[in-house]
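Spelled out, the chains give:
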Amino acid sequence: MSKTSQETKKQTKASMKIEGMHCASCVATIEKSLLNEDGVFKATVSLLDEKAVVEYDPKKVDREKLEKAVESAGYKPKRPTMTLTLTPKPEIEQWASISDSVESVDGVLSTRSFPESGRIIVEYDDDRVTIKSIKRVVVEEGFDAVSSKEGLGDRETLAREEEIRYYGSLLVFSLFFTIPVALTGFGILTPFIQPFIAPDVFMFLLATPVQFVAGYPFYKSGLRGLRHGKTNMDTLIMLGTSAAYFFSVAATFIFPDFLPFYSTSAWLIAFIVLGRFLEAIAKGRTSKSIRGLMDMQANIAVVVRNDEEITIPIEDVEVGDTILVRPGEKIPVDGKVIKGESKVDESMITGESIPVDKTPGDDVVGATINKNGVLRIEATQVGQDTVLSQIVKLVEEAQSEKPPIQRKADAIAEVFVPFVHVIGLATFFGWLFIGAAEWTLALSFTIAVLVAACPCALGLATPTAIMVGLGKGAQSGILIKTGAGLETIPKMDTIVFDKTGTLTVGRPTVTDFVPASGVETDEALSLIAGVEKNSEHPLAEAIVRYAQKEGIAIPSSNEFTYEQGSGVIAVVNGHEIRIGKDEYLTSTGINISELEQHSTVLQEQAKTTVYAARDGKPLALLGIADAIKPSSIQAVSSLTKMGLKVWMITGDKERTAKAVADKVGIENIMSEVLPAEKADKVKQLQNEGRVVGMVGDGVNDAPALAQADVGIALGSGTDVSVETGEIVLVRDDLMDVVSGIRLGKKTMEKIKQGFFWALIYNMALLPIAAGLLYPFFGLVLRPEFAGLAMALSSVSVVSNALLLNRFDPTEEDEKSAKTEEEIQKTIAIDPVCKMEVDTETADLYTDYKGKRYYFCAEYCKDEFEKSPQEYIDHEAMAIDDDRKKIAIDPICKMEVDVENAELYTDHNDKRYYFCNPHCKAVFDKDPERFSDH
């Protein structure tokens, strides 16, 4: 075994919240301190999350050492806590045993007991321990335990609200004292206070509480960093405000010939506190999407145990529990329906607004909503194993992963603060000795340099955009897993689709049903399904599903016989029914020539043909194929318009592959590729200099997904824990591939915008702050306004990233989707066999009485020309009548049965029909936008 693989097996991952971070230099300082610890392989610190994620060897370093490393850098690690109330209240002598048992749980860091109230407070590592495991230990000691603990989302919300309140109160406090200082400095209040106290002393008394109370957070962080030999943004603020304040004190009491800077120091602190206040509000908004996901989780569950319904906290639900879910309630955990029928709103997972029917045997997902029936479900996944928990975990891990552009920002920030100190000293001595300026002016320029410098914006640009973008994607079922993948998405120029299960449904489906002449369609389908329901062959299952979908009654059969590799025979309603290949039927003397031309057309479309005969005469021909997903054609079209080269990879023969590729609009094909060879094919494209994205089902396509520059895995809605791939699509809708790429590009666009403006701000403002324009234009950037500009730069970067919330990655698809009229123009119905014919490629047609009729085969054309009036008066008219009953939803383009539709809107003398309330609401909001669809 290699050294690398040995290290991988030893690695443990831990996360910890950290107090006191305010800029990118803080991030770099903490990361360096953690990486200096022996046994730490990787350390990633997120400024926005205020969290560190550390991968380490537990044999060389433990969490306590990691926390000390953070403290040595001048910051404070926070531990999650839970409070357990024990019943009955333990005796005094029992508490030692309880504490020892709880502390023996792997992941528990410390305990504190409160015997008088019957409570125990537990500090723990939430990556290694759960409430349930701790409660189990307490139960083993003979006590029940009720937990009082906020969820992660609650803790985040409370922390943000506390930060907002803290800086809000500091802002009010600083303005209360700063405004009188400023009014006195301008001489407005001087006539009123001069009879009682000297104006300079009055300003000293008011500015002092601002300096040391409102400025306390900056002194605390700055001095703590200096104590450990570190510098950060607060160091610059502390030095700049202190220089202004202490110079003013000296001017007041020692050197009365100089004017004091009290207004400068007070306004500096007030403006910087204002920036922190606005920044806290903006940072709170960035995590709103993730908190929204976590808030979907139910808090309690009704569990049936020993025929008794009991309500318990969600964390106490065990795998195998029977859970009762009434109408309108959230399903607490993932499970399987064992009793009852209902409709379940799964929009939070799938994005589909139409409730899904659930019957015994169906899977249900935690946090979805039971609509109208009572369900009993068996819990199959609880706690961190549920789909919702996996989604949140994937998004949080993605937020902690840094794209290369952020690491560049961190590298700049690491040297930025020391660089600003050098610039500050150069400014002071340069103006003093070279510029021959008064030292008060030199000091003013120096203070402006110290407080104008802003690595905060550099540190916030990337994580803010990532958090907003990933949260927005998660709510739409698009999970972008890695920061590196996010940065690669805009560079992608080639995308490869697996065929089976990706572009196609992944199971055989009856696509065509052609009855023999003189045979009723429903009768033929009923007889055939009666035979096939006895078979377990995939094609037989497809036929039975098709009959059920068409509402056909399936009769019973007897004397069923399966002839290996050829077909089946059975007796249905007194008729001998044979089903199988053409060779099978012709070998028994059955003449199927009237169906052979249809069979040829179907085979050219890469469809499997199945013949059926009744009592020795042709009954019907069926075309069966792995149906194309409804979204495949539009997804390929959209990706092509975006400039990507689209490929399809499959193990099918070239003829079959080409038929599918032609149907979805793909020109580039890799056929007859074994699963193990897919990764090599992706690598070949990469060797041509392409940046390749691979779309697959995440299981058999795993090697290719891992090889691709951007792997996009279909998560199938109820299994999102896909290990390979940078993007996981919770739904099987391929338009989410398009939306995911657009969202990734837009997120990177916001990151680059923030990064650019942060750099431009510092490059432009620092020379002005240093007074380089003063000799030419007399321009002086007062230190307090430099502080205001510094504060607002961070706010502007965060606010720009928050604009991502307005981005709709599906909007262009709604505009570019084909309209009903466009679709009807390219599709005709063969009046003889009722098969669809593409008019753009059809070469068989007949003009009759001013109208053109298209055919799928020579046989149909000949039959029509023998007696055209028969098909026009009956069959074609029936088809026209059927087509009049179908409308296209202008929003989602799904077909709607007009006769049964309940949702419609009349606009501009035209009626529009909708498949669900969401589509109707979108249309009603802006009908002009969709009326042409």
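Residues numbered from 1 in each chain as written. Predicted model: local features only at pLDDT ≥ 70, side-chain atom pairs only at ≥ 80, totals over all residues. Heavy atoms only, no water.

> Outline the overall build of the chain, supporting the account with residue identities and numerical values.
A tally of helices and strands in the chain yields 36 helices and 38 strands. Put simply, of all contacts in the chain between residues at least 6 apart along the chain, 65% involve residues at least 24 apart. (Helix = DSSP H or I, 4+ residues; strand = E, 2+ residues; numbered from the N terminus. Contact = heavy atoms within 4.5 Å.)

> Just give me the short version of the confidence of the model for the chain, but keep the residues and values in it.
Regions with low pLDDT should not have their predicted coordinates read in detail. Across the chain, the average pLDDT comes to 78, with 81% of residues at 70 or higher. Note that pLDDT drops below 50 for residues 815–825; the model gives that stretch 15 contacts with residues more than four away or on any other chain. (pLDDT = per-residue confidence, 0-100.)

> Please give an account of the packing of helix α20 (residues 521–532) against helix α21 (residues 538–549) that cites residues and values.
Closest axis-to-axis distance for the α20/α21 pair is 9 Å, and the angle between their directions is 135 degrees. Here α20 lies oblique to α21, going by the angle between them. Every pair of crossing elements has a handedness; the one defined by α20 and α21 is left-handed. Where α20 approaches α21, its residues L525, I528, A529 and E532 are matched on the opposing element by A540, I543, V544, Y546 and A547. Grouping the amino acids of the contact of α20 with α21 by side-chain chemistry returns eight nonpolar, no polar and one charged. (Axes fitted to C-alpha atoms, helices over the stretch in contact; angles between N-to-C directions. Parallel < 35°, antiparallel > 145°, perpendicular 65-115°, else oblique. Left-handed = near helix turned anticlockwise from the far one by under 90°. Nonpolar A, V, L, I, M, F, W, Y, C, P; charged D, E, K, R; others polar.)

> Quick rundown of the sheet that holds strand β11 (residues 322–325)? Include the residues and the values.
An order of β10-β9-β11-β17-β12-β15 is seen for the six strands of this open sheet, with the pairing classed as antiparallel. At either margin of the open sheet sits one strand with a lone partner, and together these are β10 (308–313) and β15 (363–364). (Pairing = 2+ DSSP bridges.)

> So, a nonpolar patch on the surface: which residues are in play, and what are the values?
On the surface, I179, L183, F186 and I188 cluster together into a nonpolar patch covering about 400 Å² of accessible area. Relative to the helices and strands, L183 is located in helix α6 (residues 152–185). (Patch = residues over 30% accessible without salt bridge, like charges linked within 9 Å, V, L, I, M, F, W, Y side chains within 5 Å. Areas by Shrake-Rupley, 256 points an atom, 1.4 Å probe, with all protein chains shown as cover. Salt bridge = Lys/Arg side-chain N within 4 Å of Asp/Glu carboxyl O.)

> Break down the sheet that holds strand β30 (residues 727–729) for me, citing the residues and quoting the values.
Pairing is mixed across the open sheet formed by seven strands, whose spatial order is β18-β30-β29-β28-β19-β26-β27. Pairing within the sheet leaves two strands with one partner each, and these edge strands are β18 (478–480) and β27 (668–670). The mean angle between the axes of side-by-side strands here comes to 20 degrees, regardless of whether they run parallel or antiparallel. Sheet topology note: the strand β28 (residues 692–696)/strand β29 (residues 710–714) ladder contains four bridges and is parallel.

> Now, about the environment of L268: what can you tell me, with residues and values included?
When you line up the elements, L268 lands in helix α11 (residues 262–286). Separated by 516 residues in sequence, L268 and E784 have C-alpha atoms that sit 4.5 Å apart.

> Can you lay out unusual backbone geometry for me, pointing to particular residues and giving the numbers?
Across residues other than glycine, the phi torsion is negative in most instances, and most of the peptide bonds are trans. In the segment running from T87 into P88, the intervening peptide bond is cis, with an omega of -10 degrees. Mapped onto the fold, P88 is located in the loop between β5 (81–87) and α4 (95–103). Of note in the backbone geometry, N306 takes a positive phi value of approximately 55 degrees without being a glycine. Checked against the element boundaries, N306 lands in the loop between β9 (300–305) and β10. Judged by its relative accessible area of 79%, N306 falls in the exposed class. (Buried < 20%, exposed > 50% of the residue type's maximum accessible area, 1.4 Å probe, protein only.)

> Residue-level account of helix α3 (residues 63–72), with values.
Residues of α3 that are buried: R63, L66, E67, A69 and V70. Angularly, the buried residues of α3 cover 155 degrees about the axis, an arc narrow enough to put them on a single face. (Arc of directions from axis to C-beta.)

> Let's hear about the packing of helix α8 (residues 199–214) against helix α9 (residues 216–227): which residues, and what values?
Between α8 and α9, whose axes approach to 5 Å, the crossing angle comes to 50 degrees. One finds that α8 runs oblique with respect to α9. In this structure, α8 uses Q211, F212, V213 and A214 to contact α9, whose residues at the interface are Y216, P217, F218 and Y219.

> Now, about the nonpolar core: what can you tell me, with residues and values included?
Counting residues in each nonpolar core, the largest one holds 51 residues, and the members touching the most others are Y262, V273 and V420. For this core, the secondary-structure elements that each account for two or more residues are α6, α8, α10 (233–253), α11, α15 (404–434), α16 (439–452), α28 (735–769) and α30 (783–802). Among the elements that line this core, the one with the most residues is α16, at nine residues. (Core = buried A, V, L, I, M, F, W, Y, C linked by side-chain atoms within 4.5 Å.)

> Now, about the pattern of salt bridges: what can you tell me, with residues and values included?
Taken as a whole, this structure holds 14 salt bridges when the rule is applied. With a closest N to O distance of 3.0 Å, D363 and K336 form a salt bridge. Here D363, found in strand β15, pairs with K336, found in strand β12 (residues 334–339); they are 27 residues apart in sequence, far enough to count as distant. Across the pair R911 and D906 runs a salt bridge whose closest N-O atoms are separated by 2.7 Å. Overall, the relative accessible area of 38% leaves R911 in the partly exposed class.

> So what's going on with the pairing of strand β6 (residues 108–114)? Which residues, and what values?
Looking at chain direction, β6 and strand β7 (residues 119–124) are connected through six bridges and run antiparallel. Bridge pairing links F114 to R119 in β7. Following β6, the chain reverses through four residues before pairing antiparallel with β7; G118 in that reversal takes a positive phi of roughly 70 degrees.

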